[in-house]
Amino acid sequence: MVSGLSDPTQRDARPARTGTGKGSGTSGSGTPATKTAAQIKQSIRASIYAEVRPKFAQIAPDGVDIDQLVTTLEVQVNPNGTLAGEPRLVSQTGKTDSNRPQQQLHVERAIKSVKLAAPFAMSEKDFVGIQVIQLEFKVR
Amino acid sequence: MISFATRPIAFLLSGLILAVPLAAQTPPPAQPPAATGAPVREQVIVDRRQDETLVAIPPLATPQATDTPAGNTAALGQQVAAIVANDLDGTGGFKPLGPSGLRTISMAEVTAPAFGEWAGKGAENLIHGFVRANPDNTLTVGCYLYDVSLKSELVRQGYVVGYRDWRRAAHRCADAIYARLSGESPFFDSRIAYIAESGPKDNRVKRLAIMDSDGANHSFITNGQSIVLTPRFSPDYKSILYLSYLGKRPRIFIYDIASKKQRLVTESANQTFSPRWSPDGKSILYSMAVGGNTDIYRISASGGTPQQLTNGPGIETGGSFSPDGSRIVFESDRSGSQQVYVMNADGSNQQRISFGAGQHATPEWSPRGDLIAFTRIGGGQFRIGVMSPSGGGERMLTSSWQDEAPTWSPNGRVIQFFRTAQGSGKTGVWQVDVTGAKERRIQTKGDGSDPAWGNLLP
């Protein structure tokens, strides 16, 4: 595990014992309880960690100064975990002359990793409407 | 290794209330939050890939198997696929699957691939294409690249070539695919000049030779009666600059490829070496030792009086122009050991840029301008490395007993050099990608040294 960076599989993705929905415990009667906003956040992060990261790891571009690039996408997720439209580029930082050839590719592969990862494993009971997520993609 | 760092977020709950049926004895669950408000923000950080992208490339289709002077189009479909696979394999980023062991696709599949079949083989990308004989004695080579998981087309190109140039069509196809998948500029459709060596260690025969970037279409330019060194293609590919010791007297020649005639640029009783073109092909840099002092000179490609650019007490040599021709990188031992310096094209503003361990020699400016390749001497090794034009970011790319004389691929992302084996003294031409991840040896006729890459073919 990398120091200084948290691992949602160890901490953030821990099932919420009082909540409901995917990854949550249920009460003895089986009656659904309601997740808190923090628990929902954890659930979303866990889904991203489990599904987007491996996809990006398989297709991330390589090149000189690739570790400088950070691509931020806005992803909108429906309550059933499907994408609500195409992921949108928010910003890209760390551009250098050497990584210019990979800048567009970095965006393309980030978008592809989200598309391949969707639909995310979320419970429709977790929230209503569209959840907006900003993802910062980086290769180190 | 991965990380998933978190950031402070503001997660807002809406006031939306959903109608929830009430159950006796059971407290009503609170409503799920709506998704309005500040977005969740997370980092998806991954390590650099250590594996290679699996690219399937079955033999290309042909609408009708036709005999041509280049071969039957069905056989050409296999051969073109093999050339593309070999080109991609040498870059370090791709692992070709096929064409051997794969079925030949039908013409219908060229534009409608069986994605499920290729996904089942683990292919991330898929190359399809066709070879067609045309009534006007040409060939059309179709070249398609697909994303297997997204089932989308990434490249669609067609090349109409004469029979003689069918290999170039394959290289162009590989270039298009490489450029699309890596983001880099193409470089396969190019040629290499080098010195072919043969004979015993103390009596080597050195001949100037040229070949395609993959070693095909090889031919010798000189017959070995004189020693030739350090060839360089002109920027327009029409000629080759090289140094020749005829009768132990150094001469700089330009060989015209079309007419097969050579022209003397300059000769001297003094030791002369390392001729290099300017980016516009109008002038030539070289080094010359006069009275025990070696300096860098510039001369018009048509000859004339050279202009002395350095005037230091040490040995200055190995000049190489920046891509815009405004600066020159060279090596000098004025500090007491060989180090890399840069100066303006007129010789002014000379500054040392290498300060790492060991000596730094034979600098070559990348055609992209962002890096300088060099040979580092130290610890009993000659190694190939790169640094920025300001001298920062020094990285070593090879680690062998004796690697030297780096030159750049046309896209500035692969470095070619020659490696001398310890003991036998045998030399070979090698390539390493600019990340240092992948090395490969280029096949030459006998031993090979002093490789130089030409630009992308026009």
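Residues numbered from 1 in each chain as written. Chains lettered and ligands numbered in written order. Predicted model: local features only at pLDDT ≥ 70, side-chain atom pairs only at ≥ 80, totals over all residues. Heavy atoms only, no water.

Please clarify how the environment of B:Leu241 should be interpreted in this entry.
All names here are of chain B. Within the fold, Leu 241 resides in strand 12 (residues 239-246). C-alpha separation for the pair Leu 241 and Ala 169, spaced 72 residues apart in sequence, amounts to 27 Å. Residue contacts for Leu 241: discarding those within four places in its chain leaves Thr 230, Pro 231, Arg 232, Ile 252, Phe 253, Ile 254, Pro 275, Arg 276, Trp 277 and Ile 284. (Helix = DSSP H or I, 4+ residues; strand = E, 2+ residues; numbered from the N terminus. Contact = heavy atoms within 4.5 Å.)

Explanation requested: the state of the cysteines in the structure shown.
Put plainly, a disulfide is one covalent bond tying together the sulfur atoms of two cysteines. Residues and elements named next belong to chain B. Under the defined criterion, the tally for this structure stands at one disulfide over all chains. Across the disulfide from Cys 143 sits Cys 173; the S-S distance is 2.1 Å. What sets the handedness of the Cys 143 and Cys 173 disulfide is the S-S torsion sign, and at about 75° it is right-handed. Taken together, the residues span a long stretch of sequence, with Cys 143 in strand 6 (residues 138-147) and Cys 173 in helix 4 (residues 166-182) at a distance of 30 residues. (Disulfide = S-S within 2.5 Å.)

For this particular structure, what's the right way to read the sheet that holds strand 26 (residues 395-396) of chain B?
The strands that make up a sheet are held in pairs by hydrogen bonds between backbone atoms, and each pair lies either parallel or antiparallel. Residues and elements named next belong to chain B. In spatial order, the strands read 23-24-25-26; together these four strands make up an open sheet with antiparallel pairing. The sheet is open, and its two borders are formed by strand 23 (359-365) and strand 26, each paired with just one other strand. Sheet topology note: the strand 23/strand 24 (residues 372-378) ladder contains five bridges and is antiparallel. Looking at strand 24, one finds that His 360 is bridged to Arg 376. (Pairing = 2+ DSSP bridges.)

When you look at the packing of aromatic side chains in this model, what are you seeing that I'm missing?
Aromatic ring pairs are described here by two measures, namely the spacing of the ring centres and the angle between the planes. Residue and element names in this part refer to chain B. Evaluated as defined, the whole model comprises 12 aromatic pairs over all chains. On the numbers, 5.3 Å between centres and 80° between planes, the contact of Tyr 178 with Phe 187 is edge-to-face. Relative to Phe 188, the ring of Tyr 178 has its centre 5.6 Å away and its plane inclined at 70°; by these criteria the two rings are edge-to-face. With Tyr 178 in helix 4 and Phe 188 in the loop between helix 4 and strand 8 (190-198), this pair connects stretches of sequence that are 10 residues apart. Pairwise contacts between aromatic rings join Phe 94, Tyr 178, Phe 187, Phe 188 and Trp 453 into one cluster. Of note, Arg 167 hangs over the ring of Trp 166, and the distance from its end group to the ring centre comes to 5.7 Å. Above the plane of the ring of Phe 220 lies Arg 207, whose end atom (NZ or CZ) is 3.8 Å from the centre. (Phe/Tyr/Trp six-rings, centres within 6.5 Å; stacked < 30°, edge-to-face > 60°. Lys NZ or Arg CZ within 6 Å of the ring centre and 35° of its normal.)

It is not clear to me how the pattern of salt bridges should be interpreted in this structure. Could you clarify?
When charged atoms on two side chains of opposite charge get close, those side chains can pair. Applying the stated rule across the entire model yields 33 salt bridges over all chains. A salt bridge links B:Asp47 to A:Arg140; the shortest N-O distance between them is 2.8 Å. Taken together, the residues span two chains, with B:Asp47 in the loop between strand 2 (40-46) and strand 3 (53-56) and A:Arg140 in the segment after strand 3 (131-139). With its nearest N and O atoms 3.0 Å apart, the salt bridge here joins B:Arg376 to B:Glu394. (Salt bridge = Lys/Arg side-chain N within 4 Å of Asp/Glu carboxyl O.)

I keep staring at helix 1 (residues 73-89) of chain B and nothing clicks. Help me out?
The α-helix advances 3.6 residues per turn, and as a result positions three or four apart in sequence lie on the same side. Residue and element names in this part refer to chain B. Helix length check: helix 1, at 17 residues, gives a terminal C-alpha distance of 24 Å against a target of 24 Å (1.5 Å per residue), a fit within 8%. Considered for burial, the residues of helix 1 that qualify are Thr 73, Leu 76, Gly 77, Val 80, Ala 81, Ile 83, Val 84, Ala 85, Asp 87 and Leu 88. The secondary structure elements touched by the buried residues of helix 1 are strand 4 (94-97), strand 5 (125-133), strand 6 and helix 4. Looking at where helix 1 begins, the residue whose side-chain oxygen comes 2.8 Å from the main-chain nitrogen of Ala 74 is Asn 72. (Expected span 1.5 Å × (residues − 1). Buried < 20%, exposed > 50% of the residue type's maximum accessible area, 1.4 Å probe, protein only. Polar contact = N/O pair within 3.5 Å; in protein donor to acceptor, adjacent residues only side chain to side chain.)

Please clarify how the packing of helix 2 (residues 100-117) of chain A against helix 4 of chain B should be interpreted in this entry.
In a packed pair of helices, the relevant descriptors are the angle between the two axes and the axis-to-axis distance. Packing of helix 2 of chain A against helix 4 of chain B brings their axes to within 8 Å, and their N-to-C directions diverge by 70°. Considering the angle they form, helix 2 of chain A stands roughly perpendicular to helix 4 of chain B. Contacts from A:Pro101, A:Gln102, A:Leu105, A:Glu108 and A:Arg109 in helix 2 of chain A reach B:Arg180, B:Leu181 and B:Ser182 in helix 4 of chain B. In terms of residue class, the contact of helix 2 of chain A with helix 4 of chain B is built from three nonpolar, two polar and three charged. (Axes fitted to C-alpha atoms, helices over the stretch in contact; angles between N-to-C directions. Parallel < 35°, antiparallel > 145°, perpendicular 65-115°, else oblique. Nonpolar A, V, L, I, M, F, W, Y, C, P; charged D, E, K, R; others polar.)

Would you take a moment to explain the side chain of B:Gln43 for this structure?
If you trace the backbone, B:Gln43 turns up in strand 2. For B:Gln43, a relative accessible area of 17% corresponds to the buried category. Among the polar contacts listed, one links the side chain of B:Gln43 to the side chain of A:Glu136, at a separation of 3.2 Å.

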